Amino acid sequence: MKVARFGLLYQAIWMQALGNNRIRQILAEAEEGNLFTARIGETEAFRFHPLFREFLLLRLEIEVGAEAMKQLRISFAEAYVKSDHNKDAIDQFLAAGESARAVKLIEAEGKGLLHSGEYNILRDWLDRLGKDHVSAALNILDARLLIENGKPREALVILARTKKDLRKKDVNFAFDCIRAYAECLKELSKFDEAIDELIRLLEMKLDTDNRLEALYILGINYCMHQKDKGIEECLKLAGEIIAS
């Protein structure tokens, strides 16, 4: 049932983007004619063979031209955004060369992908962007990917540059940046430096969740550095925040 709803939803998006109400009929006819189109089970969801899909895209661009193809991709991206399918929208914006619009969505989706472990998707987007429209948020995401891949030294270079350029009012970016910076230092066994960064982080005007997270990470660093007084202070402050 979930796949069926998924297929119908995507067909509705395609109809909106193309302004064509015959999408379901066209897909059914392609399946019936064995045109490398397969129905998924007994649902309304269809799958093209990857090579056939690439052929169709190439043929379409040849027939309509590069500019029309770009506008078509933008139409699809906008339809995906309206349906809360931002991942698909990002792919279309990137393919259309609309880097700025892709960046905005990647910034919104990046943390969620990190938390769900979808590193390959995020890495692909950042690689396709290259140096286009680099932002503090994307730099931090790039660094977090490097940390996850066991490259804290490379991440530290990016974060040091980003930290220097952050404005004081960018509290959320500053929290993400300094938190990742301290994580790099911890991975490099530079516990004293990591602790100093986290203490400076706690001096900022953080919301409750971020303050508790900073205290938790600081406590881990104190623990690894065997500083009992620091651990006790973190527990005390966390208790006061929770009780307030």
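Residues numbered from 1 in each chain as written. Predicted model: local features only at pLDDT ≥ 70, side-chain atom pairs only at ≥ 80, totals over all residues. Heavy atoms only, no water.

Caption draft 1: Quick peek at the packing of aromatic side chains. Applying the stated criterion across every chain yields a total of 1 aromatic pair. Measuring from centroid to centroid gives 6.3 Å for F76 and Y80, while their planes differ by 40°, and the two rings are tilted. Here Y80 and F76 lie together in helix α4 (residues 66-82), a separation of 4 residues that amounts to about one turn. By relative accessible area, F76 is classed as buried at 14%. (Phe/Tyr/Trp six-rings, centres within 6.5 Å; stacked < 30°, edge-to-face > 60°. Helix = DSSP H or I, 4+ residues; strand = E, 2+ residues; numbered from the N terminus. Buried < 20%, exposed > 50% of the residue type's maximum accessible area, 1.4 Å probe, protein only.)

Caption draft 2: View of the environment of A194. You can see A194 is positioned in helix α11 (residues 191-202). Given a relative accessible area of 0%, A194 falls into the buried group. For the pair A194 and Y222, spaced 28 residues apart in the sequence, the C-alpha separation amounts to 9.6 Å.

Caption draft 3: Representation of the packing of helix α8 (residues 136-148) against helix α10 (residues 171-187). In contact at an axis separation of 10 Å, α8 and α10 are set at 25° when each is read in the N-to-C sense. Our classification of the angle between α8 and α10 gives roughly parallel. As for how α8 packs across α10, the hand of that crossing is left-handed. Between α8 and α10, the contacting residues are A136, A137, I140, R144 and I147 on the first element and F173, D176, C177, R179, A180, E183 and C184 on the second. Of the residues in the contact of α8 with α10, the class split is 8 nonpolar, no polar and 4 charged. (Axes fitted to C-alpha atoms, helices over the stretch in contact; angles between N-to-C directions. Parallel < 35°, antiparallel > 145°, perpendicular 65-115°, else oblique. Left-handed = near helix turned anticlockwise from the far one by under 90°. Contact = heavy atoms within 4.5 Å. Nonpolar A, V, L, I, M, F, W, Y, C, P; charged D, E, K, R; others polar.)

Caption draft 4: Seen up close, helix α5 (residues 86-95). Residues of α5 that are buried: N86, A89, I90, Q92, F93 and L94. Tucked into the core, α5 has its buried residues touching α4, α6 (99-115) and α7 (119-129). Looking one or two residues past α5, G97 carries a phi angle of roughly 80°, positive in sign.

Caption draft 5: View of unusual backbone geometry. In this structure, D84 takes a positive phi of about 60° despite not being glycine. For D84, the position within the fold is in the loop between α4 and α5. Non-glycine residue S189 carries a positive phi angle of around 65°. Along the chain, S189 falls in the loop between α10 and α11.

Caption draft 6: Main features of the state of the cysteines. In the structure shown here, the tally under the stated rule is 0 disulfides. There is no disulfide at C184, and the cysteine sulfur nearest it, in C177, is 9.4 Å away. Owing to a relative accessible area of 0%, C184 belongs among the buried residues under this scheme. (Disulfide = S-S within 2.5 Å.)

Caption draft 7: Spatial organisation of the packing of α8 against helix α9 (residues 152-165). Axis separation between α8 and α9 bottoms out at 8 Å; the angle between their running directions is 165°. It follows that α8 is roughly antiparallel to α9 by the angle criterion. α8 and α9 meet at a crossing whose hand is left-handed. Here A136, N139, I140, D142, A143, L146 and I147 of α8 come into contact with α9, specifically with P152, E154, A155, I158, L159 and T162.

Caption draft 8: Representation of the nonpolar core within the structure. One finds L159, L201 and L218 to be the most contacted residues of the largest nonpolar core, which totals 34 residues. Only α8, α9, α10, α11, α12 (208-224) and α13 (228-243) provide two or more residues apiece to this core. With 9 residues, the single largest contributor to this core is α10. Beyond its immediate stretch of four places on either side in the chain, L218 contacts I195, L198, I199, L202 and C234. By size, the runner-up hydrophobic cluster in this structure holds 22 residues, among which are A89, I90, A102 and I106. (Core = buried A, V, L, I, M, F, W, Y, C linked by side-chain atoms within 4.5 Å.)

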